[in-house]
Each structure stands twice: as C-alpha cells, then as structure tokens.
Amino acid sequence: MDNGVKHGVPEKLKTACIVVAVYTDKKLSGAAKSLDKASAGYLSKIQKRGDIKGNSEEALLLQDVPGIAADRILLVGCGTEKSTKQSDYISAVKTSISYLKKLNISEAASFLTDIELPETLAWRSQHAAKIALEETYQFQDFKSKPDTLRLKKITWYTSDKKKLSDLEYGCNLGEAIGIGSSFARDLGNTPGNVCHPSYLAGMAKSLAKEYQDISCSVLNEKQITALNMGALLSVAQGSQHPPLLASLEYKGAGAKQKPIVLVGKGITFDTGGNSLKPAGSMVGMKYDMCGSAAVLGTIKAVAELGLPVNVIGILAIAENMPGGTATRPDDIVTSMSGKTIEILNTDAEGRLVLADALTYAARFKPKAVIDIATLTGAAVVALGTHKSALYSNCDELAKQLLEAGTEMDDQAWRMPLGEKYHKQLDSDVADMKNIGGGFAGSITAACFLEKFATDYKWAHLDIAGTASKEKGVDKQVSGRPVPLLVQFLIYQCMSDGQEF
Ligand code: BES
Ligand code: MN
Ligand code: ZN
C-alpha cells in the first residue's frame, strides 16, 4: 500500500473512487460541495433523503454520478461541521479505508485530508497515511495461498496548492511510522518456532545492514555470563535457545548528544516456565517479545526519517520454558547489579530479563531510558487494550511520553510508584522477591524494575494490553507503542521541550 499526495479539485478526477466528507445537519464538506455543484445537486438530494446522516463510522457509496469523472464517490460521515474532533477525523479515515478494502479497487483519491480541523494539514496527512498502512496491514507469511489486497494506492488531496508541502511532510511521517509499526507487527505475529531468540537478534542485525546510520552488536551466552547477568540467564536456562542481548545504535546527531535508550522485553515465547501457565493463557504468548519488536520498529521509523537524535536499542532476549534445567520457584539468583532475587514465580520472567538490561543501559550515559514490555496481565485488567500503563521516576519525561501518545492516538496512562508498593517485594532470604503478591500487579512489577533503573531518568511502558488487538475471534499484534515512541523522539529533535 502506497500513500501519495496531490493538489486538485475532485469533480474532474478520473479515479476509481473519490472519498469526501459529509457532516450531520445536511452539511457538506468543501470537496463534497464541489461534487454537488458539478452533479447538479446529486449529493445534497441524497443527503436530504436521509440516506446518510453524517455521523462518524457512517459511509455511503455512489456509482456513476452524472457530471463527475470518477467511477464512484464514497461519502463518509465526519460528525458535526462546527465541532468536528480529532476522533471524528480518525474514525472517518478508518471507515473510508475499510470500505475501500471491500470495494476491490486498486486506487482511490481521498479529500478527507482537506476538511477543516483545528489540527494542521500535516497532522491530518500524518494520521491519514499512518491509518492507511495500519488498516491495510496483512500478515500472510504462513499462508500457502496468500490473499493479497487489491487496494494499492491512496492519494490524499488538498485544495490549497500552497500547502502541498505540508501535506507531503505529514504523509512521509505517517508512512515512516506505519512502516515501523508493520515491522513490529510482523515480528510479533511470527510464531515462537520461527521467531526464536537468534531469529529476533538476527532481525536487529538485518536492520543494521539495511540502514547506514544503524549499527548492531549481539552478546552471546558466554558474554552474558561474563557480565554476571544472572537474572537474564535464569530465564533462559530451561530452553534449547540460549539468551542473547542485542544492542542497536542509531546515530542521527553528534557524538556529544546523550542518547535515548529504549529497552525491550524479548521473550520469544512465555510458557511461564516451571510455574507453568494453564493451556488457555499460554496461547498468544508468542507476542511476549513485542517490547523488543517496538524498539526495532521505532528505530526503523527513525532511520527512515533520518531524525537528528541518538537512540540506543537494547533487546533482552530469551525463551521461557519449563523442564529439568529450568529455574525452580524458590531459587535465588544474583543480577548484574549485584542485587539478589528470590524467584517465587518463574512466570514473572519479563522483569528478570529487564533488570539486567536496565543495569547494562547505564553504560550508554543516557539522557533517559525507556523500557517497553508486555509485562503483566494486571495492566490489562487495569487499563484494557486502550492505554499503555506508564511509570516514571521523572515527571517531565512522563509528561512528554503522555503527550506523544495523545498526539499519535497511541495513548498511555500514568500509574503510581512508591514506598508502600516497593515493600510488597521484600524478601526474607534475598534482596527482593520477583513477585509482589495478588494486589497491584502492574505497579509492583514496575517497582521491581525501578530498583534497577538507578542512575538515570527512566520510564516504563507496560504494553501487555495495547500490544495486541482483537481481530474477529483472534488477537493480532497492534504495533503499539511505535507511534508514541517515534513522536517522543521527534520531540527530542525540537528546540523546545527537549529537557527533562
Ligand atoms: N507475559 C506475561 C504478561 C501477560 C500476561 C501479558 C497475560 C498478557 C496477558 C508475563 O510474563 C507474566 O506472565 N506475568 C505474570 C506475572 C505474575 C506471575 C506475577 C502475570 O501477569 O500473570
Ligand atoms: Mn510470564
Ligand atoms: Zn512474559
């Protein structure tokens, strides 16, 4: 799927389908008015009949409208004219794409980007391109007869020639985010028998081959042992696949600029280990490396854009399996930081691999460290699939991440940390336990991480709920929070608002 941008008026366009917005109260958008005029009132007549009310999520297809060069016109509801909101726009674009997919046509011209909104034209085209890629995403790698989508190109229009470069700027941004998040989705959707630890590390290596500004190195089990990463090692010890620690470096700014470090949980499959998950809960756990996938997708998008910022990605990679060589509940391990951990539940493994990766992150002298992890079922209980749980030891960093999420329609919600939650992790025999009991499970997991994020500004995104979305009866990987992270990194490139 390609996105294009153009300047023009709708009535003369020869295309399979023109998409225009209509509002409630029988109001037409500018582009719809032009079509109405050229067709001697065809659209307003239909609107008067009440065949389309104009609410968001509504659409109506017209064929062979007299006076119009295009084969079809798709009217899409966009809410009330005066108070059209961000969310109306986003849902109108989504609705239009879902109709275009069903129409079995290969290209369309959309004037949705031309509607009036408080947001800039660049914002509108950014979202349009991003949504177009998201909604036409397909994962067909394992189908012997792939069913490929007919729709190949959507061109987004503005009627204002002077603004064409704004339209294009936003479209490129949206495309890069879409490319990054599709990459993350492919990785998350690939099952654990294929996407095993060395495959995931290999994907980091292949990004470095693809982009000049990215380099990558992967530590093997021997090197991980030499660094005393006892927590990471303990998670992998029941698996045929040794653990790996991949580091990527994207150099977009001068060597003096401190990097933003992104740390991703990379459990290629989570059985729970000897604290085995029940069969039903284990299904879908191929997605437990979505934190790592988001790090790779974000770095890919940033490299596509050539953003002037330094970014380090660290992937903490292991497979969590049960068995005779696997960690037992009650085992005590020593992490790279020297802190000892009593492992009471081997299914709380994400925090263990992240603990050592967070200690390792300090060597990059980061401006901030953000870890991303499908960490707890409790985050799904608390926030569902709509918002990622955000934790941070720095208010300004948290604020910028929240803002980036809102800007990108990839929301997060800040959750608390604190002494009392930390206490739930106290152990009688070691420095800490790896579980905090039945209550506040997402918070105590974040507190566990906080104990290792000692030397820098840190934030943690628990994406257990947001990394996947319902698709019919199945779950599919969403690519979140790539949009949030890319937007956050764009903020770091702006002259204002980069301090925290
Ligand atoms: N990968 C899971 C988190 C998870 C659980 C994501 C359910 C999506 C749905 C994580 O490793 C895990 O198993 N967490 C445990 C922690 C518990 C043992 C303290 C959980 O949330 O049940
Ligand atoms: Mn687990
Ligand atoms: Zn897990």
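All of the points below concern the structure found in this document. Given the structure is predicted, the values throughout are model-derived calculations rather than measurements. (Residues numbered from 1 in each chain as written. Chains lettered and ligands numbered in written order. Predicted model: local features only at pLDDT ≥ 70, side-chain atom pairs only at ≥ 80, totals over all residues. Heavy atoms only, no water.)

**Some words on the overall build of the protein**
Argument step 1. Each helix and strand counted, the protein has 16 helices and 19 strands in total.
Argument step 2. A globule of 500 residues ought to have a C-alpha radius of gyration of about 23 Å, and the protein, at 24 Å, matches this closely.
Argument step 3. With respect to the three principal axes, the spread of C-alpha positions in the protein is 80 × 50 × 45 Å.
Argument step 4. Expressed as a percentage of the 500 residues in the protein, the buried residues total 58%.
Argument step 5. Long-range contacts, defined here as pairs at least 24 residues apart, represent 76% of the contacts in the protein between residues at least 6 apart. (Helix = DSSP H or I, 4+ residues; strand = E, 2+ residues; numbered from the N terminus. Rg over C-alpha atoms; globule rule 2.2 N^0.38 Å. Buried < 20%, exposed > 50% of the residue type's maximum accessible area, 1.4 Å probe, protein only. Contact = heavy atoms within 4.5 Å.)

**Some details on the sheet that holds strand β4 (residues 72–77)**
Hydrogen bonding along the main chain pairs the strands of a sheet, whether they run parallel or antiparallel.
Argument step 1. With mixed pairing, the six strands of this open sheet are ordered in space as β1-β6-β5-β2-β4-β3. In the strand order of this sheet, the two ends are held by β1 (2–7) and β3 (59–63), each with one partner. Neighbour to neighbour, the strand axes of the sheet diverge by 25 degrees on average, direction disregarded.
Argument step 2. Taken together, the five bridges between strand β2 (residues 18–22) and β4 define a ladder with parallel strand orientation. Residue pairing across strands places V19 opposite L74, the latter belonging to β4. (Pairing = 2+ DSSP bridges. Axes fitted to C-alpha atoms, helices over the stretch in contact; angles between N-to-C directions.)

**Some thoughts on helix α11 (residues 350–361)**
Argument step 1. Taking 1.5 Å of rise per residue, the twelve residues of α11 would be expected to cover 16 Å, and the 16 Å separating its terminal C-alpha atoms lies within 8% of that figure.
Argument step 2. Of the residues making up α11, those classed as buried are G350, R351, L352, V353, L354, A355, D356, A357, L358, Y360 and A361. (Expected span 1.5 Å × (residues − 1).)

**Regarding a positive patch on the surface**
Argument step 1. Taken together, the side chains of K101, K102, K143 and K471 present a region of like positive charge at the surface.
Argument step 2. Note on K101: relative accessible area 33%, which makes it partly exposed. (Patch = residues over 30% accessible without salt bridge, like charges linked within 9 Å, V, L, I, M, F, W, Y side chains within 5 Å. Areas by Shrake-Rupley, 256 points an atom, 1.4 Å probe, with all protein chains shown as cover. Salt bridge = Lys/Arg side-chain N within 4 Å of Asp/Glu carboxyl O. Lys, Arg positive; Asp, Glu negative; His and termini not counted. Charge placed at Lys NZ, Arg CZ, Asp CG, Glu CD.)

**Overview of the coordination of the manganese ion (ligand 2)**
By definition of the ideal shapes, four donors in a tetrahedron about a metal sit 109.5 degrees apart, and six donors in an octahedron sit 90 or 180 degrees apart.
Argument step 1. Ligation of the manganese ion (ligand 2) by protein atoms is provided by D270 (OD), D347 (O), D347 (OD) and E349 (OE), these donors lying 2.0 to 2.2 Å from the ion.
Argument step 2. Sequence spacing among the residues donating to the manganese ion (ligand 2) works out to D-x76-D-x1-E.
Argument step 3. Taken as an interatomic distance, the gap from the manganese ion (ligand 2) to the zinc ion (ligand 3) is 3.2 Å; D270 donates to each of them. One end of the pair, D270, is in strand β9 (residues 260–270); the other, D347, is in the loop between β12 (340–342) and α11, with 77 residues separating them in the sequence.
Argument step 4. Note on D270: relative accessible area 3%, which makes it buried. (Donors = N, O, S within 2.8 Å, 3.2 Å for Na, K, Ca; no water.)

**What about the state of the cysteines?**
Argument step 1. Tallying each qualifying case throughout the model produces zero disulfides.
Argument step 2. For C394, which is in no disulfide, the shortest distance to another cysteine sulfur is to C447 and amounts to 17 Å. (Disulfide = S-S within 2.5 Å.)

**A short note on helix α10 (residues 290–305)**
Argument step 1. Along its 16 residues, α10 runs 22 Å from first to last C-alpha, staying within 8% of the 22 Å computed at 1.5 Å per residue.
Argument step 2. Taking burial as the measure, the 16 residues of α10 include 14 buried ones, the bulk of the element.

**Comments concerning the site of ligand 1**
Argument step 1. Taken together, 16 residues are adjacent to ligand 1, and K277, D288, D347, E349 and G377 come closest.
Argument step 2. Separating an oxygen atom of ligand 1 from a side-chain N or O atom of K277 is a distance of 2.8 Å.
Argument step 3. Within the backbone of G377, a nitrogen or oxygen atom sits 2.7 Å from an oxygen atom of ligand 1.
Argument step 4. The protein chains hide 75% of the 510 Å² of surface that ligand 1 would expose on its own.
Argument step 5. Taken atom by atom, the bulk of ligand 1 overlaps the largest pocket.
Argument step 6. Of the residues contributing to the shell around ligand 1, the split by class is five nonpolar, four polar and seven charged. (Near = heavy atom within 4 Å. Polar contact = N/O pair within 3.5 Å; in protein donor to acceptor, adjacent residues only side chain to side chain. 1 Å grid on protein atoms, 1.4 Å probe; cavity = no way out; pocket = protein on both sides within 12 Å on 5 of 7 lines; lining within 4 Å. Sits in = over half its atoms within 2 Å of the grid points. Nonpolar A, V, L, I, M, F, W, Y, C, P; charged D, E, K, R; others polar.)

**A look at the nonpolar core**
Argument step 1. Of all hydrophobic cores here, the largest spans 66 residues; its most connected members are L248, Y250, L296, I370, I372, L461 and F488.
Argument step 2. I372 has contacts with L262, V263, G264, K265, G291, A294, V295, L461, I463, P481 and L485, leaving out every residue within four places of it along the chain.
Argument step 3. Core analysis: the second largest hydrophobic core is formed by 48 residues, L232, V235, V369 and I443 among them. (Core = buried A, V, L, I, M, F, W, Y, C linked by side-chain atoms within 4.5 Å.)

**Concerning the pattern of salt bridges**
Argument step 1. This structure, assessed with the given rule, holds 13 salt bridges.
Argument step 2. For the salt bridge of K251 with E249, the shortest nitrogen-to-oxygen distance reads 3.5 Å.
Argument step 3. Between K277 and D270 there is a salt bridge whose closest N-O contact spans 3.8 Å. One exposure class covers both K277 and D270, and it is buried.
Argument step 4. The network of salt bridges with shared partners includes K265, D288 and E349.

**Quick word on the coordination of the zinc ion (ligand 3)**
Argument step 1. Around the zinc ion (ligand 3), the donor atoms from the protein are K265 (NZ), D270 (OD), D288 (OD) and E349 (OE), and they sit 2.0 to 2.4 Å away.
Argument step 2. What the six donor atoms of the zinc ion (ligand 3) show is an angle range of 78 to 174 degrees at the metal, which sorts the shape as octahedral.
Argument step 3. Each donor residue of the zinc ion (ligand 3) belongs to the same chain, with the gaps between them written as K-x4-D-x17-D-x60-E.
Argument step 4. Look at D288 and you get buried, because its relative accessible area is 1%. (Tetrahedral: all angles 85-135°; square planar, octahedral: opposite > 155°, others 65-115°.)

**Focus on the side chain of K277**
Argument step 1. Assignment of secondary structure puts K277 in the loop between β9 and α9 (279–282).
Argument step 2. Separated by 2.9 Å, the side chains of K277 and D347 make a polar contact.
Argument step 3. Here K277 is in contact with D270, T271, G272, M282, M285 and D347, once residues within four sequence places are set aside.

**Things to note about the pairing of strand β6 (residues 153–158)**
Argument step 1. The buried fraction of β6 amounts to five of the six residues, a majority that puts the element mostly inside the structure.
Argument step 2. Bridge analysis of β1 against β6 gives six bridges, and the strand direction is parallel. Within β6, the position partnered with N3 by the bridge is I154.
Argument step 3. Relative to β6, strand β5 (residues 107–110) runs parallel, the two sharing four bridges. Bridging from a neighbouring strand, E107 pairs with K153 of β6.
Argument step 4. Between β5 and its parallel partner β6, the chain crosses via helix α4 (residues 121–135), and the hand of that crossover is right-handed. (Right-handed = clockwise from strand over helix to strand, strands pointing away.)

**Describing the packing of helix α3 (residues 86–103) against α4**
Argument step 1. At a closest axis distance of 10 Å, the pairing of α3 and α4 adopts a crossing angle of 40 degrees. One element, α3, and the other, α4, form an angle in the oblique class. Judged by the twist between their axes, the crossing of α3 over α4 is right-handed. Contact with α3, carried on its side by Q86, Y89, I90, V93, K94, I97 and K101, involves W123, R124, S125, H127, A128, I131, A132 and E135 of α4 and no other residues of that element.
Argument step 2. In terms of residue class, the contact of α3 with α4 is made up of eight nonpolar, three polar and four charged. (Parallel < 35°, antiparallel > 145°, perpendicular 65-115°, else oblique. Left-handed = near helix turned anticlockwise from the far one by under 90°.)

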